[in-house]
Amino acid sequence: MKLDTVLVHAGVRRDPVYGALSVPIYQSATFQHPALGESTGYDYSRTGNPTRTALEEALARAEGGARALAFTSGMAALTCALRLFGPDDHLVVTEDLYGGTYRLLDHVLGLPRTYVDTTDLAAVRAAIRPNTRAILVEALTNPRMKRADLAALAGLCREVGLRLIVDNTFLTPCLCRPLALGADIVVHSATKYLAGHNDVVAGALIVRDAALGERLHFIQNAVGSALGPQESWLVLRGLKTLALRMERHQQNAARIAAWLRRHPRVEEVLYPGVSGMLSFTVKDPRLVPQVLRRVRLILFAESLGGVETLITFPWAQTHADMPVEVRERLGITDRLLRLSVGIEDAEDLIADLAQALEGECDGVRDEASAHGA
Ligand code: PLP
């Protein structure tokens, strides 16, 4: 079956009694045992819940994996994957990545790590040490929208005996299937495109190897970071329209990128031609607070991947925990804005951006600062 079909049908049709098409929300913490030593397959919802299982089956099929696990957030999913490693295990990590991942690595887990431009294979190779255990990359980096050569990275990982972990949040299985390219673990903030409606926080891990999946499930159960049944249902519902949504996100983003490239107040547009994510730099930093204040249809809000178009200011929001010199070196400046282009009519979005960018640069920079998620 093709992916679009899988997304509509995977994980569902599991109500033998009434034939409900939509998976029931099994809102139960615990499950009755038929007898001593017998189980229905479910004992306690931290360990397993039928609604979550339905979602996990759908996710595994969508990414072409042997096993998927659903988590309370993307960060919980990533934390579980990184708990495979100990304090002496070194990681090579893409330098342009979600600020929360940077915060987790630098301020919580403290695993030995080297940040490199993972689009530069020679730099990745040079960063590998005898105790390196894994390479962690984003399929499309945040916020500079760079694409690493995942097949080449997977080849390098096989050669040296490392695990390749790919955060596929920005591309989704519709645009990139890292496991087929040789990755070992796919990470998602399912909050984003997978769920798609800005109404749930969730995460996922999908793996090629069932034994690795079992180990990750052991960790997930031990730390207690599994997704609840209501949220699992919302992500599962979102998945059904993922393919359609991605097409529209991408069409709209391409049109907006082309329009921004011609705008006299825009210096650079970072849009690689895939996904609905794009970043752009304005020539004058005073335009940043102006745009954030003036947008009407577009929402100044953190997150991405939902049906509504959102604009964020990575410098003060998602990447605020990165040291200033690192942000500046990576081009995450006080002139960079990121758009998660939704599924509205592209002309309405362009009209909104046009009015937000026009007129005097009358903004006060401090107004743009907001709390980073
Ligand atoms: N990975 C990427 C690329 C993200 O953009 C985010 C959140 O913005 C996360 C992971 C974390 O996901 P969550 O907010 O669901 O914990």
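Scroll up to find the structure.
Summarised in this report is the structure supplied together with it. (Residues numbered from 1 in each chain as written. Predicted model: local features only at pLDDT ≥ 70, side-chain atom pairs only at ≥ 80, totals over all residues. Heavy atoms only, no water.)

Considering the site of the ligand
- Around the ligand sit 14 residues, and of these G74, D167, S189, T191 and K192 come closest.
- Separating an oxygen atom of the ligand from a backbone N or O atom of G74 is a distance of 2.9 Å.
- Within the side chain of D167, one N or O atom sits 2.6 Å away from a nitrogen atom of the ligand.
- Summarising the interface, the protein chains cover 90% of the accessible area of the ligand, which totals 390 Å² for the free molecule.
- Judged by the fraction of its atoms near the pocket grid, the ligand is located in the largest pocket.
- For the shell around the ligand, the per-class residue count stands at five nonpolar, six polar and three charged. (Near = heavy atom within 4 Å. Polar contact = N/O pair within 3.5 Å; in protein donor to acceptor, adjacent residues only side chain to side chain. Areas by Shrake-Rupley, 256 points an atom, 1.4 Å probe, with all protein chains shown as cover. 1 Å grid on protein atoms, 1.4 Å probe; cavity = no way out; pocket = protein on both sides within 12 Å on 5 of 7 lines; lining within 4 Å. Sits in = over half its atoms within 2 Å of the grid points. Nonpolar A, V, L, I, M, F, W, Y, C, P; charged D, E, K, R; others polar.)

A short note on the packing of helix α11 (residues 287-294) against helix α13 (residues 346-357)
- Between α11 and α13, whose axes approach to 8 Å, the crossing angle comes to 135°. Overall, the two elements α11 and α13 adopt an arrangement that is oblique. Pair α11 / α13 crosses with right-handed handedness. Across the interface between the two elements, L287, Q290, V291 and R294 from α11 touch D352, Q355, A356 and L357 from α13.
- Across the contact of α11 with α13, the residue classes break down as four nonpolar, two polar and two charged. (Axes fitted to C-alpha atoms, helices over the stretch in contact; angles between N-to-C directions. Helix = DSSP H or I, 4+ residues; strand = E, 2+ residues; numbered from the N terminus. Parallel < 35°, antiparallel > 145°, perpendicular 65-115°, else oblique. Left-handed = near helix turned anticlockwise from the far one by under 90°. Contact = heavy atoms within 4.5 Å.)

Considerations on the pairing of strand β4 (residues 132-138)
- The element β4 is largely enclosed, with a buried count of six among its seven residues.
- The pairing of strand β2 (residues 90-94) with β4 spans four bridges and is classified as parallel. Residue L91 lies in a different strand from β4, and its bridge partner there is A134.
- Pairing of β4 with strand β5 (residues 163-167), which is carried by five bridges, proceeds in the parallel orientation. When the sheet's bridge partners are listed, E138 is paired in β5 with D167.
- After leaving β4, the chain enters helix α6 (residues 150-160) and then returns to the sheet as β5, a path that is right-handed. (Buried < 20%, exposed > 50% of the residue type's maximum accessible area, 1.4 Å probe, protein only. Pairing = 2+ DSSP bridges. Right-handed = clockwise from strand over helix to strand, strands pointing away.)

As for the sheet that holds strand β3 (residues 113-116)
- Judged by pairing direction, the sheet is mixed, and its seven strands sit side by side in the order β1-β7-β6-β5-β4-β2-β3 without closing on themselves. If you trace the sheet from one side to the other, it starts and ends with β1 (67-71) and β3, each paired once. Direction aside, the axes of adjacent strands within the sheet are offset by 20° on average.
- Packed onto the sheet, helix α3 (residues 74-82) meets β1, β2, β4, β5, β6 (185-189) and β7 (203-207) and runs at close to 155° relative to β6.
- Where helix α4 (residues 99-109) meets the sheet, its contacts fall on β2, β3 and β4, and the angle it forms with β3 comes to roughly 150°.

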